[in-house]
Amino acid sequence: INGGEFTLYESPFYLTEPGDLNVDVMAIDKVNNRQRIGEISDTDKTRSYVDLSGPDLNYSFSGPSFVIRDTTYLTKDSKIILTGKDSESGFKEIDYQLKGNALEDYTEPFSIANEGFYNITYNGYDNLQNSNTSSVLVQVDNTGPEVFNRFSISSNKFKSVAGERLTVYPPHVVLFLSATDKY
């Protein structure tokens, strides 16, 4: 195989090296007559190639997103884009799974409406059904932060403007603002 030493054929075997495949065959009978067939190829005389690996997989996002450590934060308006590439036998398809649900065929970018943590596992296949699996962790956050304010002193004065009662503070007051977010 591929210019290596001849090996006694005793049973079918798996090819373990990817790439061009050249097989030379020699048959020997019981009285040591030899017949070398030479290179074996397809009947149409095309080159043979061994593809042992699945496609390269990747993901990206369109729309609002923020990454921190191993998690990407998205909103219901964000799109998840899954891609695959196979330079050997050619890329065929991707399927994916959210939170252990049933596998779905990937046909176009998708979004996740409900808030929560999701592990998206996806599988890519080439034209020989070789596959690779990858995953991405996302947190869907559709809720804005809660804002808090606090003044440095309490007011004991009020003023009526256009029929509305407003709290009045002295000019030296300091306003403190803070916010917290669920995710």
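Scoring rules and cut-offs
Residues numbered from 1 in each chain as written. Predicted model: local features only at pLDDT ≥ 70, side-chain atom pairs only at ≥ 80, totals over all residues. Heavy atoms only, no water. Helix = DSSP H or I, 4+ residues; strand = E, 2+ residues; numbered from the N terminus. Rg over C-alpha atoms; globule rule 2.2 N^0.38 Å. Buried < 20%, exposed > 50% of the residue type's maximum accessible area, 1.4 Å probe, protein only. Contact = heavy atoms within 4.5 Å. Areas by Shrake-Rupley, 256 points an atom, 1.4 Å probe, with all protein chains shown as cover. Lys, Arg positive; Asp, Glu negative; His and termini not counted. Charge placed at Lys NZ, Arg CZ, Asp CG, Glu CD. Pairing = 2+ DSSP bridges. 1 Å grid on protein atoms, 1.4 Å probe; cavity = no way out; pocket = protein on both sides within 12 Å on 5 of 7 lines; lining within 4 Å. Points joined across faces, edges and corners; volume = space filled by probe spheres on them. Nonpolar A, V, L, I, M, F, W, Y, C, P; charged D, E, K, R; others polar. Core = buried A, V, L, I, M, F, W, Y, C linked by side-chain atoms within 4.5 Å.

1. Details of the overall build of the protein chain
Here's step 1: Scanning the protein chain from terminus to terminus reveals zero helices and 16 strands.
Here's step 2: For the protein chain, the C-alpha radius of gyration of 33 Å lies well beyond 16 Å, the compact-globule estimate for 183 residues.
Here's step 3: Looking at the protein chain residue by residue over its 183 residues, the buried ones come to 21%.
Here's step 4: Within the protein chain, contacts between residues at least 6 apart in sequence are counted, and of these 54% link residues at least 24 apart.
Here's step 5: A total accessible area of about 13,600 Å² is found for the protein chain, and carbon and sulfur atoms account for 50% of it.
Here's step 6: A gap of 14 Å separates the mean positions of the 16 positive and 26 negative side-chain charges of the protein chain.

2. A closer look at the sheet that holds strand β6 (residues 65-68)
Here's step 1: Read across the open sheet, the six strands follow the order β6-β7-β12-β11-β9-β10; overall the sheet is mixed. Each edge of the sheet is formed by a strand with only one pairing partner; in this case those strands are β6 and β10 (104-105).
Here's step 2: Bridge analysis of β6 against strand β7 (residues 71-74) gives four bridges, and the strand direction is antiparallel. Bridging across to β7, Ile68 finds its partner in Thr71.

3. Here we look at the layout of surface pockets
Here's step 1: Roughly 650 Å³ of internal volume is contained in the largest pocket.
Here's step 2: Lining of the largest pocket is provided by 20 residues; of these, Phe6, Thr7, Leu8, Tyr9 and Asp24 occupy positions nearest its centre.
Here's step 3: For the lining of the largest pocket, the element with the highest residue contribution is strand β2 (residues 23-28), accounting for five residues.
Here's step 4: Tallied by class, residues from the lining of the largest pocket come to 11 nonpolar, five polar and four charged.

4. A closer look at the environment of Thr133
Here's step 1: Assignment of secondary structure puts Thr133 in strand β12 (residues 131-140).
Here's step 2: For Thr133 and Pro55, which are 78 residues apart along the polypeptide, the C-alpha to C-alpha distance reads 9.3 Å.
Here's step 3: With near-sequence residues (within four places) excluded, Thr133 lies in contact with Leu57, Thr121, Tyr122 and Asn123.

5. Remarks on the nonpolar core
Here's step 1: Counting residues in each nonpolar core, the largest one holds 15 residues, and the members touching the most others are Ile80, Leu82, Tyr96, Phe110, Ile112, Ile120 and Val138.
Here's step 2: Elements with a contribution of two residues or more to this core: β8 (79-85), β9 (91-98), β11 (116-126) and β12.

6. Details of the pairing of β11
Here's step 1: Along β11, eight of the 11 residues are buried, which leaves the element largely enclosed by surrounding structure.
Here's step 2: Both β11 and β12 contribute to a ladder of 10 bridges, which runs antiparallel. Following the sheet pairing, Ile120 is matched in β12 by Val136.
Here's step 3: Taken together, β11 and the strand that follows it, β12, pair antiparallel across an intervening segment of four residues, in which Gln129 is found at a positive phi of about 70°.

7. A word on the environment of Ala179
Here's step 1: Within the fold, Ala179 resides in strand β16 (residues 175-180).
Here's step 2: As a C-alpha pair, Ala179 and Gly116 span 63 residues in sequence and 20 Å in three-dimensional space.
Here's step 3: In contact with Ala179, not counting residues within four places along its chain, are Pro145, Glu146, Val147 and Phe148.

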